[in-house]
Amino acid sequence: MGLFKRKDSKNSIQSEKEDFDSTVTVNSARTSNASLRSPGYKGSGLPASIPELPIAKPPDPALDPAAYLRSIHAVRERCSLILNKAKRNRLNHFDVDMGKFMATASYIVSIIKRDYGPDYDSIPPHGRWQHFDVGGRPRVNQLLQSWPSTIDAQERTRRLIDLFVVSVLLDAGAGTRWSYKSKESGKIYSRSEGLAVATLEMFKSGLFSSDPTEPCQVDGAGLKKITVEVLAKGMQHSETNPLAGIEGRAGLLIRLSEALNNQDFFGVDARPGNMLDYLLSHPSTLASSVPIVPITTLWSVLMDGLSPIWPPSRTQIDGLSIGDAWPCSDLPKSPPAKPWESIVPFHKLTQWLCYSIMVPMSKLMKIHFAGSELLTGLPEYRNGGLLIDMGLLTLKEQDLERGIAAYKENAQIKGQPNVEVVPLFSTDDDVVVEWRAVTVGFLDELLDEVNGQLGLTGDDQLTLAQMLEAGSWKGGREIAEVSRPNTKEPPIMIRSDGTVF
């Protein structure tokens, strides 16, 4: 992609209409021409040549706006509109310095070279698997080895899907004061890795299973046992070790128990892992040298099957909950704009779930997911924080003052952080929605620049999932630790309910 250059003042005087005339940008190939041959996700052990499999186009928003906003296509398309404004420095809440774009890409490249160079092909895709293996202990492989050899690959995959679904749904930001002491090793972990180890140990103990003879599964009846108190005990949550959003996390699992009653997706025993059987038997799945599943089929399972878990207060269109989607002031409002046109969808947890459960299905069942490049970068605080800490984005003064005032008010609440003051906003604040949208857009642009700086072309190029894993997410965490060593928090704090970040 290269560095975006500012146009001179004569050429930059363009109507606002130009920002929204078309979503056909440099990202359009990722959206409109998705096919099996696109290098979106590198599975393991796949054949060198696999047949072409076109991917279904998104629903027409004029006919079914709710279905469109729930589609994976809509995330990149809607965020691209806001990226167009960002590249012209026309955002409502952030100033954009494109002169910092190259340096941001170079920082990501430096992290990737340090940890993986020159063997870039060894970079795993972004997913929950790596978080379970914190501290260099291969916990997932050890879990697999602990099961009898009579458990076949399909059931092993079901079990890992069970585990990964629950773990991802519990993976919202943990806060600055929480940590988890492993019952198995005695070691202490925090943040996303701490949540992963805690979930794994609860899973192995049978906390999510209704079958005492088979603890290592998740099912609807087992999840009905979950209460805030039960989850708090499992997560070691207390006044002195508070886990942010504990009520919201418990609520997600309780609502998941109801969602699993959908037998088409999750079978008669109501297990997340039974989606594997649904995918393998689906008419869109191609039985080739390996099973080939369109990413849109997996996406439908997650969006339709898990839609009951989202709180009822989420954005709705025609009475249908859209999930992680929010109104954004950057989108057009003048007539004849329709209500759906003001909304930008992210579906962050659904995408994180998608990335995560593709890994065991690829590793254990050799499933290939056609069109997986439709998945976007994750609009969360590590990726977004990197853009701010590198100076590519700067919060405008009026919003900064408002966010600082909110932080100071929040700091008066017992147990809330009160050092390293940063602006604080709620999840639905227009600042946060704009920040997340521009993060999705810039991650696509950064991927092209990172591959260019690494000199990678063709099939050797990093996928977006690899850059997220080895570069932007990790880089965002590391620069936050340097910039704010006491809390290690991002440059903007989010008042989370445990169901988005």
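Look up a bit, the structure's there.
Residues numbered from 1 in each chain as written. Predicted model: local features only at pLDDT ≥ 70, side-chain atom pairs only at ≥ 80, totals over all residues. Heavy atoms only, no water.

Undergrad: Got a sec to walk through unusual backbone geometry? Specific residues and values, please.
TA: The omega torsion of the bond from Gly-117 to Pro-118 falls at -5°, within 30 degrees of zero and hence cis. Examined against the element boundaries, Pro-118 turns out to sit in the loop between α5 (101-116) and α6 (129-132). With phi around 50°, His-347 is a residue other than glycine that occupies positive phi space. In this fold, His-347 is placed in the loop between β9 (343-345) and α16 (348-365). On the accessibility criterion, His-347 (2% relative accessible area) is buried. One non-glycine residue, Lys-366, lies in the positive phi region at around 60°. (Helix = DSSP H or I, 4+ residues; strand = E, 2+ residues; numbered from the N terminus. Buried < 20%, exposed > 50% of the residue type's maximum accessible area, 1.4 Å probe, protein only.)

Undergrad: Any details on the packing of α5 against helix α20 (residues 464-483)? Residues and values, ideally.
TA: Packing of α5 against α20 brings their axes to within 9 Å, and their N-to-C directions diverge by 110°. Here α20 runs roughly perpendicular to α5, going by the angle between their axes. Crossing geometry of α5 relative to α20 is assigned as right-handed. Contacts between α5 and α20 involve Tyr-107, Ile-108, Ile-111, Ile-112, Arg-114, Asp-115 and Tyr-116 from the first element and Met-467, Ala-470, Gly-471, Ser-472, Lys-474, Gly-475, Glu-478 and Ile-479 from the second. Here the residues of the contact of α5 with α20 are counted per class, giving eight nonpolar, three polar and four charged. (Axes fitted to C-alpha atoms, helices over the stretch in contact; angles between N-to-C directions. Parallel < 35°, antiparallel > 145°, perpendicular 65-115°, else oblique. Left-handed = near helix turned anticlockwise from the far one by under 90°. Contact = heavy atoms within 4.5 Å. Nonpolar A, V, L, I, M, F, W, Y, C, P; charged D, E, K, R; others polar.)

Undergrad: Now, about the pattern of salt bridges: what can you tell me, with residues and values included?
TA: All chains considered together, the criterion is met by 23 salt bridges. Across the pair Glu-258 and Lys-224 runs a salt bridge whose closest N-O atoms are separated by 2.7 Å. Taken together, the residues span a long stretch of sequence, with Glu-258 in helix α12 (residues 246-259) and Lys-224 in the loop between α10 (220-223) and α11 (228-234) at a distance of 34 residues. Among the residues examined, Lys-224 registers a relative accessible area of 47% and is labelled partly exposed. Between Arg-402 and Asp-429 there is a salt bridge, with the nearest N and O atoms lying 2.7 Å from each other. Separated by 27 residues along the polypeptide, Arg-402 in helix α18 (residues 397-411) and Asp-429 in the loop between β12 (424-426) and α19 (430-454) bring together distant segments of the chain. For Arg-402, a relative accessible area of 39% corresponds to the partly exposed category. On the accessibility criterion, Asp-429 (14% relative accessible area) is buried. Through salt bridges with shared partners, a single network forms among Glu-155, Arg-158, Arg-159, Asp-162, Glu-214, Arg-271 and Asp-277. (Salt bridge = Lys/Arg side-chain N within 4 Å of Asp/Glu carboxyl O.)

Undergrad: Run through the nonpolar core, naming residues and quoting values.
TA: The nonpolar side chains of a soluble globular protein tend to be buried with one another. Residues Leu-256, Leu-298, Ile-357 and Phe-442 are the most contacted members of the largest nonpolar core, which totals 136 residues. A per-element tally of this core places α19 first, with 13 residues. Residue contributions to this core reach at least three from each of two domains, namely domain 1 (89-124 + 378-500) and domain 2 (127-375). If you look at the next biggest cluster of nonpolar residues, it comprises nine residues, including Leu-69, Ala-74, Ile-322 and Trp-340. (Core = buried A, V, L, I, M, F, W, Y, C linked by side-chain atoms within 4.5 Å. Domains from an automatic or database assignment.)

Undergrad: Kindly report on the state of the cysteines, identifying the contributing residues and their values.
TA: Using the criterion set out here, one finds zero disulfides in the structure. Between Cys-79, a cysteine without a disulfide, and Cys-328, which holds the nearest cysteine sulfur, the sulfur-to-sulfur distance is 8.8 Å. For Cys-328, a relative accessible area of 3% translates into the label buried. (Disulfide = S-S within 2.5 Å.)

Undergrad: Tell me about α19, and name the residues and values.
TA: The first and last C-alpha atoms of α19 sit 35 Å apart over 25 residues, in line with the 36 Å expected at 1.5 Å per residue. Most of α19 is tucked away: 22 of the 25 residues are buried. Its side-chain oxygen at 2.9 Å from the backbone nitrogen of Val-431, Asp-429 defines the N-terminal cap of α19. Just beyond α19, the residue with positive phi is Gly-455, at close to 70°. (Expected span 1.5 Å × (residues − 1). Polar contact = N/O pair within 3.5 Å; in protein donor to acceptor, adjacent residues only side chain to side chain.)

Undergrad: Talk me through the sheet that holds strand β5 (residues 291-294); I want residue IDs and the actual numbers.
TA: With mixed pairing, three strands are arranged side by side in an open sheet as β4-β5-β10. Looking at the sheet topology across the chains shown, the edges are occupied by β4 (286-287) and β10 (368-370). Docked against the sheet, helix α15 (residues 295-305) engages β5 and β10, running at close to 60° with respect to β5. (Pairing = 2+ DSSP bridges.)

Undergrad: Please set out the packing of aromatic side chains residue by residue, giving values where relevant.
TA: Going through the model one piece at a time under the given rule, you end up with seven aromatic pairs. Summarising the aromatic geometry, the rings of Phe-265 and Tyr-278 are spaced 4.8 Å apart at their centres and angled 90° between planes, so their arrangement reads as edge-to-face. Of this pair, Phe-265 sits in helix α13 (residues 263-266) while Tyr-278 sits in helix α14 (residues 275-281), and the two are 13 residues apart along the sequence. For Tyr-278, a relative accessible area of 22% corresponds to the partly exposed category. Among the aromatic residues, those joined into a cluster by ring pairs are Trp-129, Phe-132 and Phe-164. The ring of Trp-147 carries the charged tip of Arg-159 above its face, separated from the ring centre by 4.8 Å. A cation over a ring is seen here: Lys-363 above Trp-129, with NZ or CZ 4.0 Å from the ring centre. (Phe/Tyr/Trp six-rings, centres within 6.5 Å; stacked < 30°, edge-to-face > 60°. Lys NZ or Arg CZ within 6 Å of the ring centre and 35° of its normal.)

By themselves these figures say nothing about function.
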